[in-house]
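Fold and geometry: a report
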Amino acid sequence: MTSESRTAHTTDPAPELHRRWAVTVTTARGANGPDPAPYADNLLARWSEPQRRYHTVEHLTAVLERIDELGHHADDLAAVQLAAWFHDAVYRPDRSENEERSAALAELALPELGVGAPRTADVARLVRLTVTHDPGPDDRDGEVLCDADLAVLAGSPDRYAAYAAAVREEYAFVPDPDFTAGRSAVLRQLLALPRLFRTPQGYDRWEHTARRNLATELDLLGG
């Protein structure tokens with residue numbers, strides 16, 4: 001690990017994430033309303049739970065950074081940013097309803113914070129969309145969130161290998177043959193999509209590399 005990597009892993013991201021959260025909440029609801037800080041504390045505690053290896057604060061930060069890069073494509077950037085905070089806020093690798101429970105958390109927390117009903121509903125819709133990563137036609141906000149969430153697939157070989165290893169660690173309770181079968185099915189499903197990335201920028205930057213990484217992992221799994 002290089003000194004740069006060590007710095008990246010040891011620098012506390014919480015202050016910057018608190019700042020980002022406060023700005024996003026203020027944009028979404030206006031200046032008046034409850035203090036956003038306790039909600040950030042709650043969300044960051046969730047993202048820091050011990051069962052997580054990939055779905056961590058580091059992943060949250062990466063998704064927010066990719067949204068920054070794609071934000072010009074969004075219709076409601078604040079809704080997309082809020083959805084990023086909530087999209088894996090509830091995460092248990094042994095359960096299948098994580099996205100639904102994460103969306104329900106957004107539906108509870110955002111009205112308390114003073115975010116209006118239409119935007120709250122759209123945030124919850126976006127969170128639920130991360131089940132399939134298949135936004136509908138003209139869903140520009142869904143395209144931005146899904147592309148940002150999938151951008152990890154286009155990492156360098158070392159970064160992709162670290163991502164795949166972290167996913168395996170989250171599913172350490174699954175026997176190797178079952179994990180290999182399930183993971184291979186997911187990879188084949190992704191590779192069968194006409195395109196992984198829906199925004200023009202995401203497609204141009206990440207599509208080719210992501211498909212190469214997915215195909216390489218599938219080959220290594222014997223799939």
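Since this is a predicted model, take the numbers as computed values, not measurements. (Residues numbered from 1 in each chain as written. Predicted model: local features only at pLDDT ≥ 70, side-chain atom pairs only at ≥ 80, totals over all residues. Heavy atoms only, no water.)

**Here we look at the overall build of the protein**
Each helix and strand counted, the protein has 11 helices and zero strands in total. Overall, the protein shows an N-to-C arrangement of helices and strands of α-α-α-α-α-α-α-α-α-α-α. In summary, the protein has a C-alpha radius of gyration of 17 Å against a globular reference of 17 Å for 223 residues, a match within 12%. Taken over 223 residues, the protein has a buried fraction of 46%. (Helix = DSSP H or I, 4+ residues; strand = E, 2+ residues; numbered from the N terminus. Rg over C-alpha atoms; globule rule 2.2 N^0.38 Å. Buried < 20%, exposed > 50% of the residue type's maximum accessible area, 1.4 Å probe, protein only.)

**Regarding the environment of Thr132**
Mapped onto the elements of the fold, Thr132 is located in the loop between helix H7 (117–129) and helix H8 (140–150). Assessed through its relative accessible area of 51%, Thr132 is described here as exposed. Each C-alpha atom, one on Thr132 and one on Pro157, is 25 Å from the other, the two residues being 25 residues apart in sequence.

**Comments concerning the packing of helix H4 (residues 57–70) against helix H5 (residues 77–86)**
At their nearest, the axes of H4 and H5 sit 9 Å apart, and the two run at 165° to each other. By the angle between their directions, the pair H4 and H5 is classed as roughly antiparallel. In the packing of H4 onto H5, the handedness of the crossing is right-handed. Seen from H4, the contacting residues are Leu60, Val63, Leu64, Ile67 and Asp68; seen from H5, they are Leu77, Val80, Gln81, Ala84 and Trp85. Counted by class, the contact of H4 with H5 contains eight nonpolar, one polar and one charged residues. (Axes fitted to C-alpha atoms, helices over the stretch in contact; angles between N-to-C directions. Parallel < 35°, antiparallel > 145°, perpendicular 65-115°, else oblique. Left-handed = near helix turned anticlockwise from the far one by under 90°. Contact = heavy atoms within 4.5 Å. Nonpolar A, V, L, I, M, F, W, Y, C, P; charged D, E, K, R; others polar.)

**Digging into unusual backbone geometry**
Of note in the backbone geometry, His133 takes a positive phi value of approximately 50° without being a glycine. The topology assignment puts His133 in the loop between H7 and H8.

**Digging into the side chain of Arg52**
With respect to the helices and strands, Arg52 occurs in the loop between helix H3 (37–47) and H4. Arg52 sits in the buried class, given a relative accessible area of 4%. Within the local environment of Arg52, its side chain forms a polar contact with the backbone oxygen of Arg46, the two atoms lying 2.7 Å apart. Not counting the four nearest positions on each side in its chain, Arg52 is found in contact with Arg46, Trp47, Asp88, Ala89, Val90, Tyr91 and Glu170. (Polar contact = N/O pair within 3.5 Å; in protein donor to acceptor, adjacent residues only side chain to side chain.)

**Describing the environment of Thr130**
With respect to the element layout, Thr130 can be found in the loop between H7 and H8. Taking the C-alpha atoms as reference points, Thr130 and Cys146, 16 residues apart in sequence, are found 6.5 Å from one another. Beyond its immediate chain neighbours, meaning those up to four positions away, Thr130 contacts His87, Glu99, Leu145 and Asp149.

**Thoughts on the confidence of the model for the protein**
This prediction gives the protein a mean pLDDT of 94; 95% of its residues lie at or above 70. Ignoring residues within four places in sequence, the model shows residues 1–9, a span with pLDDT below 50, making three contacts including any to other chains. (pLDDT = per-residue confidence, 0-100.)

**Remarks on the packing of aromatic side chains**
Taken as a whole and assessed by the stated rule, the structure comprises seven aromatic pairs. Each ring, one from Tyr171 and one from Phe173, has its centre 5.9 Å from the other, and the planes form 35°; the classification is tilted. Accessibility expressed as a relative area gives 25% for Tyr171, which makes it partly exposed. Of the aromatic side chains, those joined through ring pairs into one cluster are Trp21, Trp85 and Phe86. Between Arg52 and the ring centre of Trp47, over which it is positioned, the NZ or CZ distance is 5.3 Å. One Lys or Arg, Arg195, reaches over the ring of Tyr203 and ends 4.2 Å from the middle of that ring. (Phe/Tyr/Trp six-rings, centres within 6.5 Å; stacked < 30°, edge-to-face > 60°. Lys NZ or Arg CZ within 6 Å of the ring centre and 35° of its normal.)

**Thoughts on the packing of helix H2 (residues 14–29) against H5**
Relative to each other, H2 and H5 sit at 135°, their axes nearing to 9 Å. Accordingly, the angle class assigned to the pair H2 and H5 is oblique. Here H2 runs over H5; the crossing is left-handed. Along the contact surface, H2 presents Leu17, Arg20, Trp21, Thr24, Val25, Thr27 and Ala28, while H5 presents Ala78, Gln81, Leu82, Trp85 and Phe86. Residue composition of the contact of H2 with H5, by class: eight nonpolar, three polar and one charged.

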